[in-house]
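Descriptive structure summary
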Amino acid sequence: MAADPGVVIIGASLAGAQAARALRLDHCYDGPITLVGDENHLPYQRPALSKGYLLGTIEPGELDVLEPRFYADQDVTLALGAPATALDLDARRVRLGRNVELAFGQVLIATGARPRRLRVPGADLDGVHYLRDRDDSERLGAALRAASDVVVIGAGWLGCEVAAAARALGVRTTVVDPLPAPLYHVLGDRIGGLLARRHLDHGVNLLTGDGVEAVLGTRSVEAVRTVAGRRVPADLVVVGVGVTPNTELAEAAGLRVDGGVLTDGHLRTSHPAALAAGDVARHRHPRYLKPVRIEHWDNAVVHGTAAAATLAGRPTVVDHVPYFFSTQYGSTLEYVGLPATSDRVVTRGVPGEPGFTAFWLDRGIPVAALTVDNPGAAGHLRGLVAAGHSADPRRLADPDVPMADLLPRVPAS
Ligand SMILES: Cc1cc2nc3c(=O)[nH]c(=O)nc-3n(C[C@H](O)[C@H](O)[C@H](O)COP(=O)(O)OP(=O)(O)OC[C@H]3O[C@@H](n4cnc5c(N)ncnc54)[C@H](O)[C@@H]3O)c2cc1C
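Fair warning: this is a prediction, and the values are worked out from it, not measured in the lab.

What follows concerns the site of the ligand. Taken together, 33 residues lie around the ligand, and D38, E39, R46, K51 and R132 are the ones closest in. At 3.3 Å, a backbone N or O of H296 approaches an oxygen atom of the ligand. A distance of 2.9 Å separates a nitrogen atom of the ligand from a polar atom in the backbone of F325. Here the ligand loses 93% of its free accessible area of 1,000 Å² to cover by the protein chains.

With that out of the way, let us pick up the pattern of salt bridges. Summed over all chains, the structure comprises 21 salt bridges. Across the salt bridge formed by D26 and R21, the nearest N and O atoms sit 3.4 Å from each other. Between R382 and D298 there is a salt bridge; the shortest N-O distance is 2.6 Å. Within this pair, whereas R382 is found in helix 9 (residues 377-387), its partner D298 is found in helix 8 (residues 297-311), the two being separated by 84 residues in sequence.

This chain's UniProt record puts "domain: FAD/NAD(P)-binding" (unreviewed entry) on residues 7-304. The straight-line gap between the two end C-alpha atoms of residues 7-304 is 13 Å; of that span, 26% is helix and 29% is strand.

For the rest of this paragraph, the subject is the layout of surface pockets. Of the pockets and cavities examined, the second largest pocket occupies roughly 290 Å³. Contributing elements (two or more residues each) for the lining of the second largest pocket: helix 6 (184-201), strand 23 (331-337) and strand 26 (365-372). Of the residues in the lining of the second largest pocket, the class split is 11 nonpolar, three polar and five charged. A domain split of the lining of the second largest pocket shows at least three residues from each of domain 2 (117-241) and domain 3 (330-406).

Cut-offs and rules
- Residues numbered from 1 in each chain as written.
- Predicted model: local features only at pLDDT ≥ 70, side-chain atom pairs only at ≥ 80, totals over all residues.
- Heavy atoms only, no water.
- Near = heavy atom within 4 Å.
- Polar contact = N/O pair within 3.5 Å; in protein donor to acceptor, adjacent residues only side chain to side chain.
- Areas by Shrake-Rupley, 256 points an atom, 1.4 Å probe, with all protein chains shown as cover.
- Salt bridge = Lys/Arg side-chain N within 4 Å of Asp/Glu carboxyl O.
- Helix = DSSP H or I, 4+ residues; strand = E, 2+ residues; numbered from the N terminus.
- UniProt positions renumbered as here; feature names shortened; annotations may be inferred.
- 1 Å grid on protein atoms, 1.4 Å probe; cavity = no way out; pocket = protein on both sides within 12 Å on 5 of 7 lines; lining within 4 Å.
- Points joined across faces, edges and corners; volume = space filled by probe spheres on them.
- Nonpolar A, V, L, I, M, F, W, Y, C, P; charged D, E, K, R; others polar.
- Domains from an automatic or database assignment.

Structure (structure tokens):
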């Protein structure tokens, strides 16, 4: 029998490293595994890049996805600093850089996403920063320490975290976003408004309902002009206006791509030799009955693990309830579910105090929830959303009803 040409994983980050780990340790796969990454670092975790690593309270070694010795111990070949530049799925070969070629039996595309660029005059001035990788975080951390006035463009998760970090460093901070509240598309008016209060209380100049028209300056940033005509002084601008999935390689290889590499519920793409996982994948989610692309740490872990199962010939359906966490001003926010289209929100607890929780209901069924400084609650909230049963709003709102008791009871048999 011909030797197994093995698995090539393109993207040496969270989803990719998880897949390598699960292939070796969960599925005892003994064929060759090569992890290809265009960055020069061992796979690392990104969440701290906008939190502790940005603030200098976390060391580089604490970012590792896996123990550095894992790769040698488990015979996983690392090809770092080597972008995959072409993929021939029928010939089952991938090119790295200009002239290195690798053969594979199956390939996992885990190329993640990159920041969407700001498209206004002055966006290329010195002092305009983006944040995606470790080097970005190191540059931004140094720039924040030297800055007096930062303008953060975009009040999504990333923008909110950078604003909180900037305030922790004592930098005057303005956040500009055209929507009416921070994280408006996730939290809506009312709960987004509570988050706005938190930023205001920490001294952020929050300009919601206003966009950025231009970044002003001669060589480097001096100010930001908004659509409403404000001129906000700035010696540093951080852009957090969302990400674009890195689909070019997959698209050029002929895979079906539509706002992400399209996959089925087992993360299989439109070619039998290729899977996709993590931020780049838009997988057909059985729970939501539509393709979804989720840019969360947890999703990359779930996808990496599930992709390994499919690669090992034991496909499992990926139907998890999405989960996101964030840290701002020392508080941990955890969100489960997809951003709800429903406007019915039930809350428990006091805004600003530990344990505060919001539930989004769609026709009486909890479809998403946010909880603040509530260790252990997110698992119950995930179970509640996963169950898909209607819930009594009075019990949801009652802090005396333990979270665990909100889950529908399994009838005794
Ligand atoms: C600053 C920041 C903070 C975050 N904070 C949180 C948080 O608090 N909570 C949370 O739930 N999520 C958070 N996230 C999101 C989470 O980190 C991502 O969802 C996760 O990193 C996705 O993992 P991934 O492996 O799919 O993609 P990525 O981590 O993007 O990795 C993809 C890798 O593939 C590489 N690559 C791309 N193209 C090629 C190519 N052609 N050849 C070789 N390599 C290639 C990329 O350079 C990258 O190294 C944060 C993300 C960022 C950037």
